[in-house]
Every structure is written in C-alpha cells, then in structure tokens.
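# Report on the structure
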Amino acid sequence: MENTERGETPEVLEAAAETAAEEEEQQERKPAEKKHGKKKTGKNRSGLKALLLVLQHAALAIMVFAVIVVTVSTTVRIEGVHSKGSYSYIRSSDPGTPFEDSDAFNYIFGYAVADVIRFGVVSSQMETKGVFDGDKLVDVTAYNYRSSGLPEEYVTVNYRLEDLLKWQSYGFTYNRVEMTGAEAADFLADTTQVTTIDPKSGYRNTVDASYLKSDVKDYTVVNGVTAAEEGSEVVVEFADEDSGFVEGYQPAGALGDHATNEVTLTWTGENTAESESDADESEVFEYDVLVNRYKTAEGKNLEEYVSDWEQYYDLCHNVQAAAESLTYNYNEYLEYRDFYDTANSNVRFLIEKTVGGETQYYSNLPENNSYRKRILQMMDDEADVTTEKFIYYSLADMDYMTNTTIEAETVRQMLQSYDYAYPESVRIWIDVDGSYPAQDAFTQGARYLPNLWLWVTAAFLAGILYLILFVCQTVMTGRVFDGNGEKRIRLTAFDRVPTEGGVLIAIGSVLLVLWMAVVLTELADIDPTDIDFYREAVHKDWFKAVILIGVFAADALFTFFFYSLVRRVKARTLWKNSWLCRLVQRLTKFAWKVYDNGGIVLRTWVPYSIFLAANLVLLLLAVEIGNVLLILFAGAIDLIVGILLYKDAKERQGIVEGIETITGGQVEHQIDTEELHGDNRTLANSVNSIGKGIKEAVEISMKDERMKADLITNVSHDIKTPLTSIINYVDLIKREQVDNEKVQNYIRVLDEKSQRLKQLTDDLVEASKITSGNISLHFERINLTELMNQTIGEFSEKFEQKNLVTVMNVNTRNVVIEADSRRIWRVMENLFNNIYKYAMPGTRVYVTMDQAGEAQRVQVSIKNISENYLNCKPEELTERFIRGDESRTTEGSGLGLSIAKNLTLAQKGSFEIELDGDLFKVFLTFPLAKEEN
C-alpha cells in the first residue's frame with residue numbers, strides 16, 4: 001500500500017529490493033568486523049600491559065637509586081688526616097635548615113679546624129717560606145725538649161732535616177766494638193760542647209767543657225728520654241708523642257711502629273767513668289758505637305761532640321728520637337698537604353706567626369694568590385669580611401671572630417696542645433669556599449642534604465607505584481578474553497616448559513647474573529660493600545646509568561620468572577606440567593594397570609592380605625624394639641589404604657552423578673574414565689555406551705527436524721519469487737483506472753491475500769532459521785523503556801481501531817539491556833500484533849516494567865483480555881502453527897509467539913505465558929547491561 005500511494009514504479013521497487021539485499025549483506029559482515037575490532041582491542045590491551053611493565057621496572061630502578069642516595073646522604077662522611085667519622089643528618093635538630101647553618105656543617109668544620117692547627121705545627125717543622133726545606137737545620141735536643149722546655153745546659157748537635165729523615169728510613173745501627181780504656185778515651189772528643197741558655201734573654205751559647213757524670217743511676221732525660229742501670233746493661237727509653245707511619249721516609253729498623261721504643265746498649269763494668277780512670281788502660285772493654293750514616297751540619301760525627309760515654313749515648317738517643325718523630329711528622333705533613341690541597345678540599349687557611357722578628361706564613365693557597373691577599377686584608381681589618389663561613393683568631397689580641405657555632409675556647413684548647421709551635425704573635429684564618437669546587441664532605445652535605453627529603457619522597461612514591469603495578473600485573477598476567485567475552489589464561493612458550501626445568505633456568509640465570517656482577521666488580525676494583533664507594537659514585541653519570549639499567553634488567557628477569565609462576569598457578573599447570581607429576585602418574589598408571597588386568601581375587605584379597613601382613617609385622621617390630629616411629633609408619637599405611645577406599649567410593653559416586661546427568665536430558669554427557677579403574681571403569685564405559693545410543697537417537701530426530709525446517713525454508717523461498725511478481729503486478733493493476741467496482745473489490749482481496757502470504761513465508765523462513773540455529777545476533781545497548789514507548793506509539797492507530805487502551809507502568813529506572821535491535825523489535829512487534837488480533841475490543845492492555853527477583857534483571861509483563869475462549873495450555877501457544885483462535889477466523893500463521901519466544905531466549909532472556917481464564921499474560925525477563933566505564 002505504501003509503495004502505491006507514493007507512486008513508485010517497478011524500477012524503483014527493484015532498486016529498493018537490491019538496497020535491502022545490500023543491507024542484509026552488511027548485517028552479515030558486522031560479526032566479522034566486530035571480531036576484527038576485538039582483535040585490535042586485544043592488541044591494544046597487550047600494548048598497555050607492556051607499557052605498564054616497563055613503567056614498573058622504571059619505578060623500581062628509580063626507587064633503588066633514591067634509596068642509595070638517601071642511605072649515603074643520611075650520614076655525612078667526616079674525614080681528616082687522623083680523624084674519620086660520620087654525622088647523622090636524620091638525628092640533627094632541624095633537618096630543614098640550610099646546610100651552611102646546620103649542625104652537620106659546623107661538625108665537619110670543627111674537624112677541619114683541628115686538622116689545620118696540626119698542619120701548621122708540622123709545616124713549621126718542614127717548610128721554609130711555604131716550601132719544604134730538606135736543608136733546614138734541626139737541633140735534635142731542642143726538638144726533643146720542645147714541649148717541656150730545655151734545661152739551662154745541654155748537649156746537642158744540628159742535622160739537616162733530610163739527613164734525619166733518610167737515616168730513620170734506613171735505620172740506626174750500633175756496632176759492638178772492643179776497645180781498651182785508652183782507645184775508648186781517644187775515640188771521644190777531649191771536651192764536651194755544651195750549649196747554655198740565658199734564662200732572661202733566651203740567648204744560646206755553645207762552649208767546650210769537661211762534662212762527666214759519675215753515676216747513670218736515676219738519670220732522667222726530659223721529654224721521655226730516660227736511662228737506668230740494670231746490672232751490666234744501660235737501658236735507654238724514649239717516647240714519641242705520635243705513632244704510626246704512612247708514606248715518605250719509613251724506618252727500616254726495629255724502631256718503627258711503636259709510640260715507645262727501647263734500645264739496649266751494653267757496657268762491661270758497672271761504671272764507665274770509673275772504668276776509664278781506675279782500670280788498666282790496656283784492659284779491653286766492649287762498647288756499642290752508633291754508625292754515623294750521616295754527619296752533622298758541621299760535617300762531624302757524634303763522638304766528636306762529647307768526651308764522656310754517657311753523654312755520647314744520651315746524644316745518640318736524642319738524634320734517634322728526633323729522627324723518628326720528624327719522620328712521623330713528615331708523613332703526616334705529606335698527608336695534610338695532599339688532603340687540604342685546594343683541588344681536594346674546600347677549606348682555605350692562612351697561619352701567620354712572627355719568630356725572631358721574621359714573619360712566617362703557612363697556607364694551602366699560593367703566595368701570590370688573590371684570595372690569600374684578601375685574607376690578609378680581612379685579618380688587618382682593611383676590608384669587610386665577605387666570606388661565607390670563617391674563623392679568625394689572634395692570640396696576641398685575644399681577638400676571635402666567626403659566623404659558625406664553634407666557640408673560641410674550643411680553638412684555644414686546640415692551640416694549647418701545641419704552644420711550642422704557636423707563639424703569642426700567631427694569627428689564624430680558616431674558611432670554607434661556599435662554591436664547593438672540590439669533592440669533599442662539605443660538597444657531599446651541600447649537594448644532597450638540602451634535597452634529602454625530596455629523595456625520600458621520590459623513593460616512597462616510586463616504591464608505592466611499583467607495588468601497585470606489581471599487584472596489577474600479577475592479577476592481569478595471562479588473563480585474556482575470547483570472542484564471547486569469556487576469561488581464560490593464556491600461557492607463553494616458557495610457561496609450557498616443565499616446572500623443574502623452569503626452576504633450573506631461573507636459578508641458572510640468577511647465578512649467571514651474580515657471577516657477572518662479581519667479575520665486573522673485581523675487574524673494576526670496586527668493593528660493593530663499601531659505603532664510601534657509593535658516596536663518591538652517586539655523583540657519576542656512569543653509576544646512575546649502571547644502577548638504573550641494572551635494576552631495570554634485574555627486575556625484568558625477576559618478573560619474567562615470577563609472572564610465569566603466577567600464570568602456571570592460575571592455569572593449574574604448576575604441578576601438572578612437572579617431571580615429578582609425570583613420574584608419579586606413570587607409577588600410578590602402572591599400579592592401576594596391574595590392578596585392572598587382575599581378577600577379583602587379585603584385586604581384593606591380595607591387597608588386603610598385604611595390608612594385614614604389613615600392619616602385623618610393623619606392630620610386632622614396634623613392640624619388640626619399642627620404636628614409636630614404626631607405629632607411626634603403620635598408621636601412615638592405614639591412612640593410604642583409607643584414601644584408596646575413599647577414592648573408590650568417590651569413583652562410584654561420579655558414575656552415579658553421570659547417570660543422573662544423562663537422565664536429566666544431557667544425553668551427550670560422557671563419564672571420564674581416565675581416572676577410573678577396575679569394575680568402576682567397566683561400569684562407566686557401559687553408561688557411556690547407553691548415553692551414546694541415546695545421543696545418536698536424538699541426533700537422528702534433530703536431523704529429521706532440520707530436514708523439515710530446510711524443506712520449509714526451500715519451499716518458502718520458492719514461493720517468494722512468484723509471490724513477489726504477484727504483489728508487484730497487483731500493485732500495477734491498482735494504479736490503473738478501473739471503474740468497475742467489482743473488479744476493484746477483487747483487486748483489494750488479491751492484494752490482502754498476497755500480503756498475508758508474504759508475511760506467512762517470512763515467518764516460516766524466520767522460524768526455520770531460529771530452529772536450525774542459523775541466525776546471527778548483533779548485541780548492543782538498548783533502552784528498554786524507549787523501545788516499549790516506541791512500540792506503543794507504532795501500534796496506537798491499530799489499537800484505536802479496536803478501541804484498545806494501553807496502560808504503561810514503569811517501576812524502575814535506567815532500564816538498559818544488551819540485545820539485537822532488529823530481533824528485539826520483532827519480539828515486541830509479534831506480541832503487539834497478537835494483542836491486536838486476539839484482544840477483546842474496548843478493553844485495556846497493561847504493560848509493566850519492574851525489577852525481577854534478582855537485582856540485575858528486568859521484567860516486562862504484557863496483559864490483555866482475550867476475545868475468544870482459550871482452550872489450551874500456555875506452553876502450547878508458543879508451539880509452531882498453534883493459534884488461540886481454533887476457528888481461524890482471524891489472520892495469522894500461528895508462528896508469532898513461537899518466533900518471539902525463540903528470539904527472546906536467543907538474546908539471553910526468558911519468555912513465559914500465563915493464562916487466567918480469559919486473561920492473557922506474557923512475561924519477558926532480560927539481564928541488565930553493565931554500566932559503561
């Protein structure tokens with residue numbers, strides 16, 4: 001009718017038919033496109049997982065590097081030449097203060113001040129005008145008495161500094177010499193050169209004098225040099241204020257590494273002086289004579305300065321003590337000079353002292369350095385102090401200036417220990433270069449301490465991110481969705497390697513990585529347990545790259561094996577895909593094979609006899625030996641037998657459940673006989689044979705049904721071709737101007753009947769497709785409320801013809817389901833057509849939407865009063881070709897409700913009909929669609 005009214009020609013009708021065919025082809029292509037879209041979605045999902053995995057490794061690498069930085073930054077390494085320690089920044093009172101104002105800075109600076117003061121002491125002994133002077137003369141006795149003060153008269157000699165250092169390096173040697181009294185007297189000088197000191201002026205004068213001591217007993221030399229008589233031996237001890245040696249001149253003799261050294265010199269006779277005067281000059285004595293490896297500054301030997309053997313030995317020990325002390329101080333001097341070189345330290349210092357009218361300077365800055373000159377100007381108050389952190393101390397003026405927390409008393413106590421080296425004229429300046437050009441403790445603190453909490457935060461956030469990603473990856477690994485949206489576990493090629501093989505590969509990989517790490521650290525001469533190494537290395541770009549790449553690779557290796565383990569657990573292949581499982585299965589299979597192939601006697605009485613015999617033997621042995629373990633072993637055997645009996649009962653229960661399943665209609669069900677043995681397997685095979693026979697019978701019946709459906713489809717298709725021509729020609733006749741009313745009536749009847757025949761063939765084709773399962777559904781989100789309103793609107797004109805009133809009640813919101821839009825519309829169309837055909841005119845049609853018993857389902861109920869008496873069961877109305885109007889006075893094929901029910905079931909819904917007298921009720925139930933993210 002529509003085509004006629006619009007005045008369309010047959011050509012237009014043919015074009016419309018072609019367009020409809022193209023639309024059907026497009027609908028058939030949609031599943032393939034949707035499947036292709038799912039493949040793209042799967043690829044995108046895999047790409048996202050890979051990206052998150054990379055992010056996880058990167059987070060761990062950042063966390064590890066941040067932890068290393070925090071570890072080496074929480075304590076500042078404090079280094080001096082003889083003082084090493086650390087300062088905990090975490091324990092400081094105010095971690096948020098700038099480094100220069102922190103306790104850590106002042107703590108480090110205090111160590112540096114102590115070192116500089118000591119450096120000034122040893123520099124004054126080694127340098128002349130700021131340069132090491134090997135020709136500097138050393139008064140050995142005055143040097144040894146430097147701390148306690150010299151007596152008014154003393155015996156001494158002067159040596160070149162370099163000669164004393166070399167002598168100590170080679171070692172002092174004494175030769176045992178036999179001499180007569182006359183030879184001994186000739187060996188020494190005729191007189192002793194004695195140096196005197198004027199107590200008032202301090203002027204020193206050296207004169208020749210007869211200097212003899214009658215007794216060495218209780219004779220004490222100041223500064224720890226002592227002599228005491230012990231029988232025929234004189235033992236001379238001397239103590240040095242410092243101990244230990246490093247680079248430089250090293251002592252080669254016995255006097256090397258001890259603070260107190262002892263040399264034993266031996267005479268024959270109790271008193272040397274008496275021996276020389278009272279004994280016969282021809283009598284022979286033994287004397288320990290020092291080998292003069294180096295001569296004094298005057299080119300003489302020691303024996304040329306004294307006329308008495310006691311004075312000789314006293315002078316020898318003064319020389320040896322001075323050499324040893326100077327050697328230690330020289331090594332210390334080299335360390336201080338290197339440690340506080342401006343290339344290695346940010347400390348700058350200048351020590352000025354005036355001795356005998358001569359001003360001496362000791363500094364780690366060159367003489368013509370501009371900053372050194374500025375320090376002198378600041379010390380003379382000729383310029384304002386512009387340095388950042390400094391200490392200025394003038395002993396003569398008692399002037400102390402600083403912008404640190406180090407007190408003047410602390411510096412004063414340091415200087416008091418070396419009052420012999422720091423006269424009252426001394427002035428000391430010590431500061432720190434605030435730009436920190438050198439790598440030392442100041443640089444470490446300034447670089448990392450202010451940002452310590454940022455590193456802590458970075459480590460914490462990176463750790464949290466890693467933990468979240470680790471958990472997410474653990475949950476997601478291996479999980480994929482198939483074409484139906486069902487979740488399954490996908491295993492990789494490595495996951496299919498037997499479990500023991502995977503463990504061996506994992507252990508081997510870890511050992512290989514550890515071996516490579518050990519080899520590389522050995523080749524690079526790195527101690528990975530030394531925190532000082534990390535303190536220096538964190539500044540290096542190569543170390544950052546090694547840590548980030550190494551941790552990234554290590555975590556990638558770890559997660560590779562760990563996620564493989566997780567996937568095996570999820571897929572339940574951890575045990576099944578193991579060599580041990582296969583061995584156990586083969587042993588078990590062999591035992592069951594023996595059991596299955598044996599007779600009933602073998603399967604029952606033999607195992608039972610073995611069981612009784614084993615229990616009896618174990619019980620007797622346990623009683624005889626008194627061993628509880630045998631009783632426990634017997635209990636274990638009993639437990640195994642109980643497990644076997646339970647397994648046999650469970651097998652029979654499985655057979656019974658299989659029979660019940662087949663009885664329930666699942667004729668294709670087969671009982672798994674793989675794990676069954678003996679009579680249970682025979683019984684299960686028999687049940688499977690019965691089920692197989694029933695299944696074949698059902699398949700034959702289904703085949704016949706499909707043949708009927710195919711016959712209907714083929715006939716319907718053959719009818720549609722001539723029917724289409726009839727409809728088109730009827731449409732052409734209707735366009736002719738036919739005046740005969742009777743002919744017009746014929747044309748009207750012919751048109752109605754051809755359209756009814758067309759509807760019938762369409763219903764037959766649709767029903768056959770549904771029955772054979774040859775139907776494709778395209779699920780999409782559909783608002784069920786809007787669909788019902790649209791359907792009511794479409795049928796409003798028809799319902800008005802029969803005076804039917806639609807009453808709609810919606811008791812729920814957001815009713816969205818997943819269904820095929822074309823098929824769900826066909827369901828509603830068939831139901832409303834059924835109402836239009838069979839409802840009593842002038843009645844109401846009730847449409848209600850409400851939640852079903854389950855929260856995730858919605859129910860649509862449609863109720864109307866039937867015009868005819870319903871003399872049938874509800875389930876018969878959904879059978880094909882069944883109509884409520886048995887007289888068939890109304891139009892219809894008897895397929896509408898059958899098609900509606902089958903389409904509803906195909907879209908995961910339920911379809912129920914209830915009859916209450918003439919009240920006809922239909923209930924449709926659909927699952928609600930999940931909310932979109």
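As a reminder, the structure under discussion sits directly above these lines.
Criteria and cut-off values
- Residues numbered from 1 in each chain as written.
- Predicted model: local features only at pLDDT ≥ 70, side-chain atom pairs only at ≥ 80, totals over all residues.
- Heavy atoms only, no water.
- Core = buried A, V, L, I, M, F, W, Y, C linked by side-chain atoms within 4.5 Å.
- Buried < 20%, exposed > 50% of the residue type's maximum accessible area, 1.4 Å probe, protein only.
- Contact = heavy atoms within 4.5 Å.
- Salt bridge = Lys/Arg side-chain N within 4 Å of Asp/Glu carboxyl O.
- Helix = DSSP H or I, 4+ residues; strand = E, 2+ residues; numbered from the N terminus.
- Pairing = 2+ DSSP bridges.
- Axes fitted to C-alpha atoms, helices over the stretch in contact; angles between N-to-C directions.
- Left-handed = near helix turned anticlockwise from the far one by under 90°.
- Nonpolar A, V, L, I, M, F, W, Y, C, P; charged D, E, K, R; others polar.

## What to know about the nonpolar core
One finds F109, L302, W309, Y312, V319, Y422 and F442 to be the most contacted residues of the largest nonpolar core, which totals 68 residues. The residues contacting Y422, other than those within four sequence positions of it, are V116, I117, G120, V121, I351, L395, L415 and I428. Grouped together as the second largest cluster of nonpolar side chains are 38 residues, I792, F799, F911 and F926 included.

## Topic: the pattern of salt bridges
A full pass over the atoms with the stated rule returns 15 salt bridges. For the salt bridge of R176 with D288, the shortest nitrogen-to-oxygen distance reads 2.5 Å. One end of the pair, R176, is in strand β8 (residues 174-180); the other, D288, is in strand β15 (residues 284-290), with 112 residues separating them in the sequence. According to the relative accessible area criterion, R176 is partly exposed, its value standing at 44%. Members of the salt-bridge network, linked through shared partners, are D135, R160, E162, D163 and K166.

## Observations concerning the sheet that holds strand β28 (residues 910-916)
What the five strands build is an open sheet, ordered β24-β26-β27-β29-β28; its pairing is mixed. Both edges of this open sheet fall to β24 (805-810) and β28, since each of them pairs with a single strand only. Averaged over all neighbouring strand pairs, the angle between strand axes comes to 15°, with direction disregarded. Pairing analysis gives six bridges linking strand β26 (residues 844-851) to strand β27 (residues 857-865), with the strands arranged antiparallel. Bridge pairing in β27 places T848 opposite S861.

## As for the sheet that holds strand β18 (residues 389-394)
In spatial order, the strands read β17-β16-β20-β18-β19; together these five strands make up an open sheet with antiparallel pairing. Single-partner strands in this sheet number two, and they are β17 (358-363) and β19 (399-402). The sheet shows a mean angle of 5° between the axes of neighbouring strands, direction not considered. For β18 and β19, the ladder comprises four bridges, and the chain directions are antiparallel.

## Brief notes about the packing of helix α12 (residues 452-476) against helix α15 (residues 541-571)
It is at 9 Å that the axes of α12 and α15 come closest, and there the two elements cross at 40°. Judged by the sense of rotation from one axis to the other, the crossing of α12 with α15 is right-handed. Between α12 and α15, the contacting residues are Y466, F470, Q473, T474, V475 and M476 on the first element and D555, F558, F562, Y563, V566 and K570 on the second. When its residues are assigned to classes, the contact of α12 with α15 shows eight nonpolar, two polar and two charged.

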